[in-house]
There are 2 protein chains.
Amino acid sequence: MASNNPAPPDSTRRSERSRRAIYDAAIALVVEIGYPKTTIEGIAARAGVGKQTIYRWWGSKAEVLLEAFLDLSEQAARTAAQEREDREGQEGQEGQEGQEGRAGHESQGIPDTGDLAADLKLVLRATVDELHNPAFEAPSRALAAEGVVNEELGRRFVAKLLEPQLQLYVDRLRSAQEAGQMRPDIDPRIALELFVSPLAQRWLQYTGPITYAYTDTLVDYALNGLAPR
Amino acid sequence: MASNNPAPPDSTRRSERSRRAIYDAAIALVVEIGYPKTTIEGIAARAGVGKQTIYRWWGSKAEVLLEAFLDLSEQAARTAAQEREDREGQEGQEGQEGQEGRAGHESQGIPDTGDLAADLKLVLRATVDELHNPAFEAPSRALAAEGVVNEELGRRFVAKLLEPQLQLYVDRLRSAQEAGQMRPDIDPRIALELFVSPLAQRWLQYTGPITYAYTDTLVDYALNGLAPR
């Protein structure tokens, strides 16, 4: 979306307020009528902007929705982090606050305290919180469902939203390999799926409850293996 | 769907041919126009039967589709098994034929040769073949996508189709625990997700290629763990 030309005067009018209205309209429409029926025209009407305003900034409804969803994910992550901090504050678990603060949103990287299991559990618990955020659930399900049957959108969703998050796990696992906590012959990009994908499948397909105990168990099983040691 | 009353004379007319026509019509419609727009009336018209014929045998379009899909899955599994046998026959890998014959379709249970890794790899390779079957892909994606946004359908899909398959892994892992090949404190229902869910997520979300090498790696990582031994 970035242009090589100098920013035109119009770009200064891309106010936070219009951007927010367009994101909100896009998310609301995909939840209410589904991805296939959501159009640029519909988003513009609901946001109270001209459709040329949207076309000036985005090339397609997929781009609008992906950015809107990225924004929503960041909001959900912030809300979940805040709720977790509040909850832990009430419970008086002050010892973990430093870690929580560092975890923040996954996009800022996975913490590296030197304890791989603890760091992974912390981040997966944050993801559990995000998945339980009602504001996040309907739009993310609508977009994920469309991605299942719409390969182009599915691949863009992965490239823009999912893979960057997975790469944070790759970074953390590489660090664990350097620290001798993970076998050097293991491919981190596959390894992360042992604890990330089960959570994703439970969420996508309702195959089981999503709890902290569950994600903690996934990390323990993945790190230690199922076979006797 | 089974009645406690003696089968009425009409039930004898539930011929294989009508059943097949209804399944085919249901699958074709959900692929072409999607789950929400598919109706009993539409299925009946396309199958060339009266809609009362469908209502006599099934309570809702969800039930028709789930049975049609179960039937399709069994067909896809048979096709995949046959292709695998043909391929291995050509490659002259006669030593594995006995195992293949036992594996057949997952619904007949996961083989137990005493070698847990080999048995799991065999069954997951069969699943890779099924996922690559074009006849299976579009309808299974249509139904899976609807399940993501339609919790009731999603849960029925799991209860009727997915969980019975997962329970076969539970049985095989319990057998491994009894044989001392898996730690006794491990919950098999969670453990199976370490190798099943990554494959599911790659298929649902296009997060990576689906190959035998990939599923073999998942089994090795899950059994041996990521941490140094």
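Within any chain, residue numbers begin from 1 and follow the written order of that chain's sequence. Labels follow written order: the first chain is A, the first ligand is 1, and so on. Only residues with pLDDT of 70 or above have their local features reported here, since the model is predicted, and side-chain atom pairs are shown and tallied only from 80 upward, although totals for entire chains, interfaces and linings are computed over all residues. Excluded from the side-chain calculations are hydrogens and water; all other atoms, namely the structure's heavy atoms, are used.

Enquirer: It is not clear to me how the layout of surface pockets should be interpreted in this structure. Could you clarify?
Expert: Summary: where empty space remains is shown by rolling a probe the size of a single water molecule over the atoms. For the largest pocket, the calculated volume is near 740 Å³. Put plainly, a pocket is an open set of points on a 1 Å grid over the protein atoms alone with protein on both sides within 12 Å along at least five of seven lines, a cavity is a set where a 1.4 Å probe fits but cannot get out, and a lining residue has an atom within 4 Å of a point. The wall of the largest pocket is formed by 28 residues, among which Gly 34, Pro 36 and Glu 146 of chain A together with Pro 36 and Glu 146 of chain B lie closest to the centre. Residue assignment for the lining of the largest pocket shows that the elements contributing at least two residues are helix 1 (16-33) and helix 7 (134-149) of chain A together with helix 1 (16-33) and helix 7 (134-149) of chain B. With seven residues, the single largest contributor to the lining of the largest pocket is helix 7 of chain A. Gly is put with the polar residues, along with every residue not named as nonpolar or charged; the nonpolar set is Ala, Val, Leu, Ile, Met, Phe, Trp, Tyr, Cys and Pro, and the charged set is Asp, Glu, Lys and Arg. Residues that form the lining of the largest pocket fall into these classes: 18 nonpolar, two polar and eight charged. Grid points are joined across faces, edges and corners, and a volume is the space filled by probe spheres set on the points. Counting from the N terminus, the helices are DSSP H or I runs at least four residues long and the strands are E runs at least two residues long.

Enquirer: How should the side chain of Ser 197 of chain A be read in this particular structure?
Expert: With respect to the helices and strands, Ser 197 of chain A occurs in helix 10 (residues 193-205). A 1.4 Å probe rolled over the protein chains alone gives each residue an accessible area, and that area as a share of the maximum for its type sets the label: buried under 20%, exposed over 50%, partly exposed in between. What makes Ser 197 of chain A buried here is its relative accessible area of 0%. Those residues in contact with Ser 197 of chain A, other than ones at most four positions away along the chain, are Ser 197, Pro 198 and Gln 201 of chain B. In this analysis, two residues are considered to be in contact whenever any of their non-hydrogen atoms come within 4.5 Å of each other.

Enquirer: Quick question: what am I supposed to make of the interface of chain A and chain B here?
Expert: Interface size is commonly expressed as the accessible area that is lost once the parts come together. Contacts between the two partners involve 49 residues from chain A, matched on the other side by 49 residues from chain B. A simple way to read buried area is as the amount of 1.4 Å-probe accessible surface that goes missing from two parts once joined, with both sides added. Both faces combined, the contact of chain A with chain B buries some 4600 Å², and carbon together with sulfur accounts for 63% of it. Together, Val 148, Tyr 206 and Leu 226 of chain A form the three largest contributors to the area buried by chain A at its contact with chain B, with a combined 17%. Think of a salt bridge as a Lys or Arg side-chain nitrogen and an Asp or Glu carboxyl oxygen that are within 4 Å of each other. At the junction of chain A with chain B, the criterion picks out two salt bridges. Arg 202 of chain B serves as the salt-bridge partner of Glu 193 of chain A, at 2.6 Å between the closest nitrogen and oxygen. Polar contacts, as counted here, are pairs of nitrogen or oxygen atoms within 3.5 Å of one another; within protein the pair requires one atom able to donate a hydrogen and one able to accept it, and residues that are adjacent in sequence qualify only if both atoms are side-chain atoms. Counting the contacts that link chain A with chain B gives 28 residue pairs in polar contact (both at pLDDT 80 or more). Sorting the residues of the side of chain A that touches chain B by element identifies helix 7, helix 8 (151-178), helix 9 (188-191), helix 10 and helix 11 (212-224) of chain A as the ones contributing at least two each. With eleven residues, the single largest contributor to the side of chain A that touches chain B is helix 10 of chain A.

Enquirer: Is there a simple way to think about the packing of aromatic side chains in this case?
Expert: To describe a pair of aromatic rings, one takes the distance between the centres and the angle between the planes. Two aromatic rings, drawn from Phe, Tyr or Trp (for Trp, its six-membered ring), form a pair once their centres lie within 6.5 Å of each other, and the interplanar angle then sorts them: stacked below 30 degrees, edge-to-face above 60, tilted otherwise. Under the definition given, this model contains twelve aromatic pairs over all chains. Measuring from centroid to centroid gives 5.9 Å for Trp 57 of chain A and Trp 58 of chain A, while their planes differ by 80°, and the two rings are edge-to-face. In this structure, Trp 57 of chain A and Trp 58 of chain A share a single accessibility class: buried. Connected via pairs of aromatic rings, a cluster forms that spans Phe 69, Phe 136, Phe 157 and Trp 203 of chain A. We call a charge positioned over a ring when the NZ of a Lys or the CZ of an Arg lies within 6 Å of the ring centre and within 35 degrees of the ring normal. For the cation-ring pair, Arg 141 of chain A lies above Trp 203 of chain A, with the distance from its terminal atom to the ring centre recorded as 4.2 Å. The side chain of Arg 202 of chain B reaches across the aromatic face of Tyr 214 of chain B, ending 3.7 Å from its centre.

Enquirer: Looking at this structure, I do not really get helix 6 (residues 116-131) of chain A. What am I missing?
Expert: Think of an α-helix as 3.6 residues a turn; residues three or four steps apart then line up on the same face. Residue and element names in this part refer to chain A. Each helix should span, by expectation, one fewer than its residue count multiplied by 1.5 Å. In a regular helix each residue adds 1.5 Å, so 16 residues correspond to 22 Å; helix 6 covers 23 Å between its end C-alpha atoms and thus fits that length. Of all 16 residues making up helix 6, 14 are buried, and the element is well covered by its neighbours. Between a side-chain oxygen at the N-terminus of helix 6 and the backbone nitrogen of Ala 117 the separation is 3.3 Å; the capping residue is Asp 115.

Enquirer: I keep staring at the UniProt feature "domain: HTH tetR-type" (unreviewed entry) in chain A and nothing clicks. Help me out?
Expert: UniProt positions are given in the numbering used here, feature names are shortened, and annotations may be inferred rather than shown by experiment. What UniProt calls "domain: HTH tetR-type" (unreviewed entry) maps, in this numbering, to residues 16-76 of chain A. Summarising residues 16-76 of chain A: 80% helix, 0% strand, and an end-to-end C-alpha distance of 19 Å.

Enquirer: Where do I start with the relation of the copies chain A and chain B in this structure?
Expert: Mapping between the two copies of the chain is achieved by a rotation about an axis and a shift along the axis. We place the copies in one frame by least squares, fitting the C-alpha atoms of every residue whose pLDDT is at least 70 in both. Overlay of chain A on chain B (RMSD 0.0 Å): rotation 180°, translation along the axis 0.0 Å. The symmetry that links the two subunits is that of a two-fold axis. Residue Gly 225 of chain A of chain A places its C-alpha closer to the rotation axis than any other residue of that unit, at 1.7 Å. Most of the interface of chain A is mirrored in chain B, where 100% of its interface residues are also at the interface.

Enquirer: Would you explain the UniProt feature "DNA-binding region" (unreviewed entry) in chain A in this entry?
Expert: Mapped onto this numbering, the UniProt entry gives "DNA-binding region" (unreviewed entry) at residues 39-58 of chain A. Taken end to end, residues 39-58 of chain A has its terminal C-alpha atoms 13 Å apart, with 75% of it in helix and 0% in strand.

Enquirer: How should I be thinking about the environment of Thr 79 of chain B in this particular structure?
Expert: Residues and elements named next belong to chain B. Mapped onto the elements of the fold, Thr 79 is located in helix 4 (residues 61-91). Residue classification places Thr 79 among the partly exposed positions, given a relative accessible area of 34%. Between the C-alpha atom of Thr 79 and that of Asp 129, which follows or precedes it by 50 residues, the distance is 9.0 Å.

Enquirer: I tried to follow the packing of helix 6 of chain A against helix 8 of chain A on my own but got confused; where do I start?
Expert: Residues and elements named next belong to chain A. Angles shown run from 0 to 180 degrees and are taken between the N-to-C directions of axes, each axis being a line fitted to C-alpha atoms and, for helices, limited to the stretch in contact. Look at helix 6 against helix 8: their axes get within 11 Å of each other, and the N-to-C directions meet at 170°. Classified by the angle between their axes, helix 6 and helix 8 sit roughly antiparallel to one another. For the pair helix 6 and helix 8, the contacting residues are Leu 116, Asp 119, Leu 120, Val 123, Leu 124 and Thr 127 in the first and Tyr 169, Arg 172, Leu 173 and Ala 176 in the second. Note on angle classes: values under 35 degrees are labelled roughly parallel, values over 145 roughly antiparallel, values of 65 to 115 roughly perpendicular, and the remainder oblique.

Enquirer: Looking at this structure, how should I read the pattern of salt bridges?
Expert: All names here are of chain A. Enumeration over the complete set of coordinates arrives at 36 salt bridges over all chains. One salt bridge in this structure joins Glu 16 and Arg 20, with 3.7 Å as the shortest N-O distance. Of this pair, Glu 16 and Arg 20 both sit in helix 1, four residues apart, which is roughly one turn of the helix. In this structure Arg 20 comes out as partly exposed when scored by relative accessible area, which is 25%. In this structure, Arg 172 engages Asp 112 in a salt bridge whose closest nitrogen and oxygen atoms are separated by 3.1 Å. With Arg 172 in helix 8 and Asp 112 in the loop between helix 5 (97-103) and helix 6, this residue pair connects regions lying 60 residues apart in the sequence. Overlapping salt bridges bring together Glu 16, Arg 19, Arg 20 and Asp 71 as one network.

Enquirer: Looking at this structure, I do not really get unusual backbone geometry. What am I missing?
Expert: Glycine aside, residues mostly have negative phi, and peptide bonds are mostly found in the trans state. Residue and element names in this part refer to chain A. Even without being glycine, Tyr 206 reaches a positive phi, approximately 55°. Looking at the secondary structure, you find Tyr 206 in the loop between helix 10 and helix 11. Overall, the relative accessible area of 11% leaves Tyr 206 in the buried class.

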